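# Chain and residue survey
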Amino acid sequence: MTEAVVFDLDGVLLQSEEVWDAVRERYVREAGGRYDDEVQRAMMGMSAPEWSRYLHEDAGVWEDPEDINRDVVERMLDAYRRELPLLPGAVEAVRRTAESFPLGLASSSNREVFEVVLDLAGIADCFSATVSSEEVPRGKPAPDVYLEAARRLGVEPEQCAAVEDSHAGIRSANSAGMRVVAIPNASYPPDDEALELADAVVRSLDDLTVSVLTG
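Basis of the calculations
- Residues numbered from 1 in each chain as written.
- Predicted model: local features only at pLDDT ≥ 70, side-chain atom pairs only at ≥ 80, totals over all residues.
- Heavy atoms only, no water.
- Helix = DSSP H or I, 4+ residues; strand = E, 2+ residues; numbered from the N terminus.
- Contact = heavy atoms within 4.5 Å.
- Pairing = 2+ DSSP bridges.
- Phe/Tyr/Trp six-rings, centres within 6.5 Å; stacked < 30°, edge-to-face > 60°.
- Buried < 20%, exposed > 50% of the residue type's maximum accessible area, 1.4 Å probe, protein only.
- Core = buried A, V, L, I, M, F, W, Y, C linked by side-chain atoms within 4.5 Å.
- Patch = residues over 30% accessible without salt bridge, like charges linked within 9 Å, V, L, I, M, F, W, Y side chains within 5 Å.
- Areas by Shrake-Rupley, 256 points an atom, 1.4 Å probe, with all protein chains shown as cover.
- Salt bridge = Lys/Arg side-chain N within 4 Å of Asp/Glu carboxyl O.
- Lys, Arg positive; Asp, Glu negative; His and termini not counted.
- Charge placed at Lys NZ, Arg CZ, Asp CG, Glu CD.

### Here we look at the environment of Val-180
Within the secondary structure, Val-180 is located in strand β5 (residues 179–182). The spatial distance from the C-alpha of Val-180 to the C-alpha of Cys-126 is 20 Å, given a sequence separation of 54 residues. In this structure Val-180 touches Ala-162, Ile-170, Ala-173, Asn-174, Ala-198, Asp-199 and Ala-200, once residues within four positions along its chain are discounted.

As structure tokens, this is what we get:
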């Protein structure tokens, strides 16, 4: 029985992977580092401490990870304040789901980033608990961020449904024991093995109904 719903942010409510990709690529290239498909895919699902360390250790960015994180986050906030790339139906889906379930957010984004996003979108009041993967030991695909979201909601993970779009996110929610509803990211689609772990696959947020979330 589904008693709570936990949303991912990037790729589910925001068409933001492209923004993160563009911001980090420009930053890395300006710093003289390497940015290619391998680097981009490796960072999907990583927490801020993980991807900033990865850029320093594996992509040739000489700045300290803390400075990398700070500079990229500042650029992301500037981009979102200029234009917030909400996916079609995002606000409506969140508000509709909040009428039936308490909501959590389990995001790989920094807290300061997703708090600005939720405020700009006008949906911060819909979420009873929010977690950034920088607040737990491991980012996605480890289950930590979803387990912590369930804990903060006061619900067992097995009683939660997670809404995800990516290979790392689907694996994370599945490993936490949650029912997983996948909305595959069109730009960075999850692999077939990850999709097989989803309990339901829908095409868009418009298809996210109570029956899909409860099975």
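And the narrative resumes.
### Structural notes on the sheet that holds β5
The sheet built from 6 strands is open, its strands ordered β3-β2-β1-β4-β5-β6 with parallel pairing. Where the open sheet ends on each side, the last strands, each with one partner, are β3 (127–132) and β6 (200–201). Judged from the 2 bridges that link them, β5 and β6 form a sheet pairing that is parallel. Residue Val-181 lies in a different strand from β6, and its bridge partner there is Ala-200.

### Quick look at the packing of aromatic side chains
Counted by the stated rule, this structure contains 2 aromatic pairs. Seen in terms of ring centroids, Phe-7 and Phe-127 are 6.4 Å apart; in terms of plane orientation they differ by 80°. Their pairing is edge-to-face. Taken as a pair, Phe-7 in strand β1 (residues 4–7) and Phe-127 in strand β3 lie far apart in primary sequence, 120 residues in all. Each member of the pair, Phe-7 as well as Phe-127, carries the same accessibility label: buried. When the centroid spacing of 5.9 Å and the interplanar angle of 70° are considered together, the rings of Trp-20 and Trp-51 count as edge-to-face. Of this pair, Trp-20 sits in helix α1 (residues 17–30) while Trp-51 is found in helix α3 (residues 48–58), placing the two residues 31 residues apart along the sequence.

### Notes on the nonpolar core
By size, the foremost hydrophobic cluster in this structure holds 52 residues, and its most contacted members are Phe-7, Leu-13, Trp-51, Leu-55 and Phe-127. The contact partners of Trp-51, leaving out residues within four places of it in the chain, are Trp-20, Arg-24, Met-43, Met-46, Ile-68, Asn-69, Val-72 and Asn-110. Among the nonpolar cores identified, the runner-up in size contains 21 residues, and Val-6, Ala-106, Ala-129 and Val-131 belong to it.

### Focus: a negative patch on the surface
Residues Glu-74, Asp-78, Glu-112 and Glu-134 make up a contiguous surface patch of negative charge. With respect to the helices, strands and loops of the structure, Asp-78 is situated in helix α4 (residues 65–82).

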